Amino acid sequence: MTKFDTTIIGSGPGGYVAAIRCAQLGMQTAIIERYPTLGGTCLNVGCIPSKALLDSSEHFYNANCHFEAHGIMAEKIKLNWPRMRQRKDDVVVQTCDGIKYLMKKNKIKVISGHASFSDSKTISVSGTNGSKETVNTERVIIATGSKPSSIPGVIIDKKRIITSTEALNLEKVPEKLIVIGGGVIGLELGSVFSRLGSKVQVVEFLDRLISGMDFSLAKEVQRFLKKQGLEFFLNHTVQSTVVEGESVKVVAKNKKDKEVEFSGDYCLVAVGRRPFTDNLGLEKISLTLDDKGRIPVNEHLETAVPGIYAIGDVVAGDMLAHKAEEEGVFVAETIAGQKPHLNYKAIPGVLYTWPEAAGVGFTEDELKAENYNYKTGNFPFKALGRARASMDTDGFAKVSGRQGY
Ligand code: FAD
Ligand code: NAI
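Here the structure is a predicted model, which means the values were calculated and not measured. Positions within a chain are numbered from 1, following the residues in the order the chain's sequence is written. Chains carry letters and ligands carry numbers; both start at the beginning, A for chains and 1 for ligands, and go up in the order they are written. Local features are withheld for residues below a pLDDT of 70 in this predicted model, meaning they are given only at 70 or higher, and side-chain atom pairs are given and counted only at 80 or more; totals for whole chains, interfaces and linings count all residues. Side-chain calculation: all heavy atoms of the structure are included, whereas hydrogens and water are not.

Student: Which residues make up the packing of helix α3 (residues 47-65) against helix α4 (residues 81-105), and what are the values?
Tutor: The interhelical angle for the contact between α3 and α4, taken along N-to-C directions, is 145°, at an axis separation of 9 Å. Between α3 and α4 lies a crossing of right-handed hand. Contacts between α3 and α4 involve Ile48, Pro49, Ala52, Leu53, Asp55, Ser56, Ser57 and Phe60 on the former and, on the latter, Trp81, Met84, Arg87, Lys88, Val91, Val92 and Thr95. Nonpolar residues are Ala, Val, Leu, Ile, Met, Phe, Trp, Tyr, Cys and Pro. Charged residues are Asp, Glu, Lys and Arg, and all others, Gly as well, are polar. Tallied by class, residues from the contact of α3 with α4 come to 9 nonpolar, 3 polar and 3 charged. Axis angles are defined between N-to-C directions and span 0 to 180 degrees, where every axis is a line fitted to C-alpha atoms and, for a helix, only to the segment in contact. To qualify as a helix, a DSSP run of H or I must reach at least 4 residues; to qualify as a strand, a run of E must reach at least 2; elements of each kind are numbered from the N terminus. Should the near helix be turned anticlockwise from the far one by less than a right angle, the crossing is termed left-handed; should it be turned clockwise, right-handed. Throughout, a contact is declared for two residues whenever any of their heavy atoms are within 4.5 Å.

Next up, the structure:
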């Protein structure tokens, strides 16, 4: 049995990047993954497939709605959904294979199966074929990621009431898609299907969309997505969902406490994700979770058990691939005795609709809440010749700055 310096549980952007950095810094490194392919949520059922469909659907939308204005007369444009899905799957396979190659190149031992702690230096791995393996290790980095969450009254059957994972793989484009949640997944996948011809209705509990981003940006996003055909029902709290044959009924209560009913052929539940620590054996190392199910860590991303670290979606902070990656590098360098630096405010967030919406640093709302003396500057794209040239006049660039900085 080999003993490793560092073992990483989970091969998503947090895990695989941590593994590469550990190996580069001279550690004997292993990575354990319960799924047959490496890359985690992001590469298999998250960032990469969603971005592939966003790009394809944008081409389709532009061909249908914008080419004529550019003087391009394209006739009989037809959607080949199976082909579009296949291209997305090809991109996923190539990207996941790339991670396999990187593990080999960096001499990282890949162990296939579900990892569970026996004690702080011993991990038991159960393979899908019933095999068992024991891994001895000096240190562990937990990078087990997250899973879609739901809300009371909504039972995800993965057929009609679906998460992003199923939405990326639907057999046909929905005629009417109800989206619960006006966050990043709801708006990105809502955009994809709206561009492909679905009638998309977004039911959101708050009085705004994309709650982590600047409020004026959220309003602008709502404005241009409405122009593209999406319908928004803000201040609506979903009470229940019912599947009746091939249709789904969603009942919500609006601000006036009145029941509003929505019906569609699919309902996408996009109300956030929960940290994933199922059957990880945390009780064997006396690690307890916080009230949101996350693994508590200190400023070095080390848990209460010395030598066991946690990164990515399974710890507090934004659930973003590049945040998980930064944390992976940070922990590897910390273990190697370096003094790395991580500035969470320098990590941007992007909504990949068209136009895209992105932000970094403090939002104006945060500056206001903190009582900072600040100024904002805003430049609308419609005043920009370059934007007019490409017919991209929706949106703006906004800077909010603290005075004296
Ligand atoms: P994950 O990627 O979730 O990886 C965790 C891995 O650990 C999984 O492979 C899992 O199988 C494995 N695992 C769990 N438990 C065990 C165990 N006990 N034993 C062995 N293996 C285990 N983020 C962005 O920054 N940009 C985007 O555009 C973006 N788009 C997204 C689109 C969608 C539809 C979704 C769902 C997410 C998107 N995200 C995006 C978020 C991004 O995917 C996550 O933030 C990121 O994947 C988190 O990385 P991670 O390494 O923490 O965990
Ligand atoms: P989210 O947190 O972005 O949005 C969830 C939305 O659901 C919120 O607006 C919330 O108010 C709403 N909601 C909650 N309960 C509700 C209810 N009962 N009724 C109606 N609405 C309700 O979560 P989402 O979109 O599921 O994404 C999960 C994670 O995946 C995000 O944290 C994000 O970081 C990551 N992601 C990132 C992407 C990117 O970076 N471009 C793309 C997709 C996902």
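After that view of the structure, there is still more to cover.
Student: For the site of ligand 1, give the residues involved together with the corresponding values.
Tutor: We call a residue near a molecule or strand when any one of its heavy atoms sits within 4 Å of it. Ligand 1 sits among 39 residues. The nearest are Glu33, Thr41, Lys51, Ala115 and Ala321. Under this definition, polar contacts are N or O atom pairs within 3.5 Å; protein pairs additionally need one hydrogen-donor-capable and one acceptor-capable atom, and for neighbouring residues in sequence, both atoms have to be side-chain atoms. Lysine 51 has a polar side-chain atom sitting 2.6 Å from an oxygen atom of ligand 1. With respect to ligand 1, the backbone of alanine 321 contributes an N or O atom lying 2.8 Å from an oxygen atom. To be clear on the numbers: accessible area is Shrake-Rupley with a 1.4 Å probe, and residue cover counts the displayed protein chains and nothing else. Burial of ligand 1 by the protein amounts to 94% of the accessible area it has alone, namely 1000 Å².

Student: For the packing of aromatic side chains, give the residues involved together with the corresponding values.
Tutor: Aromatic rings considered in pairs are described by the distance between their centres and by the relative angle of their planes. Two aromatic rings, drawn from Phe, Tyr or Trp (for Trp, its six-membered ring), form a pair once their centres lie within 6.5 Å of each other, and the interplanar angle then sorts them: stacked below 30 degrees, edge-to-face above 60, tilted otherwise. All chains considered together, the criterion is met by 3 aromatic pairs. Each ring, one from tryptophan 81 and one from phenylalanine 193, has its centre 5.9 Å from the other, and the planes form 65°; the classification is edge-to-face. Here the residue tryptophan 81 occupies a position in helix α4, and phenylalanine 193 occupies one in helix α6 (residues 184-195), the gap between them amounting to 112 residues. This pair shows no difference in class: tryptophan 81 is buried, exactly as phenylalanine 193 is. Relative to tyrosine 372, the ring of phenylalanine 362 has its centre 6.1 Å away and its plane inclined at 70°; by these criteria the two rings are edge-to-face. On the criterion of sequence distance, the pair formed by phenylalanine 362 in the loop between β19 (357-359) and α9 (364-369) and tyrosine 372 in the loop between α9 and β20 (374-380) is long-range, its members being 10 residues apart. With a relative accessible area of 32%, phenylalanine 362 lands in the partly exposed category. Put simply, a charge is over a ring when the Lys NZ or the Arg CZ is close to the ring centre, within 6 Å, and near the line of the ring normal, within 35 degrees. A cation sits over an aromatic face here: arginine 34 above tyrosine 35, 5.3 Å from the ring centre. Over the ring of tyrosine 372 we find arginine 402; its NZ or CZ atom is 3.9 Å from the centre of that ring. Buried residues are those whose accessible area, probed at 1.4 Å on protein chains only, stays under 20% of the maximum for their type, while exposed residues exceed 50% and partly exposed ones sit between those limits.

Note that all results are geometric; they support no functional claim without further evidence.
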